[in-house]
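Coordinate inspection notes
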Amino acid sequence: MIRVNVLPNGRLVLPVALREKLGVQKGGHLMAELVGGEVHLTTPDAALDRARSIFREYVAPGSNISGEIISDRRNENDLESNGQSVEGERG
């Protein structure tokens, strides 16, 4: 475990060794999450990989989610253009 200092202004100082292991440069960014009273830090790339992994669990292989969303939006736009309501159309 590595000790991290908190400055009087509330900023955290990550030691060089920790930044190097994470691949974070000075002025870079990390994602912070509070989990069970602990702060978890991760890189934006690692957070995106985790989100993609979670998303894949709920999407059938070969699905074209973006295509489905675009199609839904076009259908809604067509309905609205014809003066029809799209409320309750999603399921």
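Structure: see above.
Notes on the structure in this doc start here.

How each quantity is defined
Residues numbered from 1 in each chain as written. Predicted model: local features only at pLDDT ≥ 70, side-chain atom pairs only at ≥ 80, totals over all residues. Heavy atoms only, no water. Salt bridge = Lys/Arg side-chain N within 4 Å of Asp/Glu carboxyl O. Helix = DSSP H or I, 4+ residues; strand = E, 2+ residues; numbered from the N terminus. Buried < 20%, exposed > 50% of the residue type's maximum accessible area, 1.4 Å probe, protein only.

**A look at the pattern of salt bridges**
This structure, assessed with the given rule, holds three salt bridges. Here Arg50 and Glu33 are joined by a salt bridge, their closest N and O atoms 3.2 Å apart. Taken as a pair, Arg50 in helix α2 (residues 44–57) and Glu33 in strand β3 (residues 31–35) lie far apart in primary sequence, 17 residues in all. For Arg50, a relative accessible area of 46% puts it in the partly exposed group. Judged by its relative accessible area of 34%, Glu33 falls in the partly exposed class. For Arg73, the salt bridge goes to Glu76, with nearest N and O atoms at 3.7 Å.

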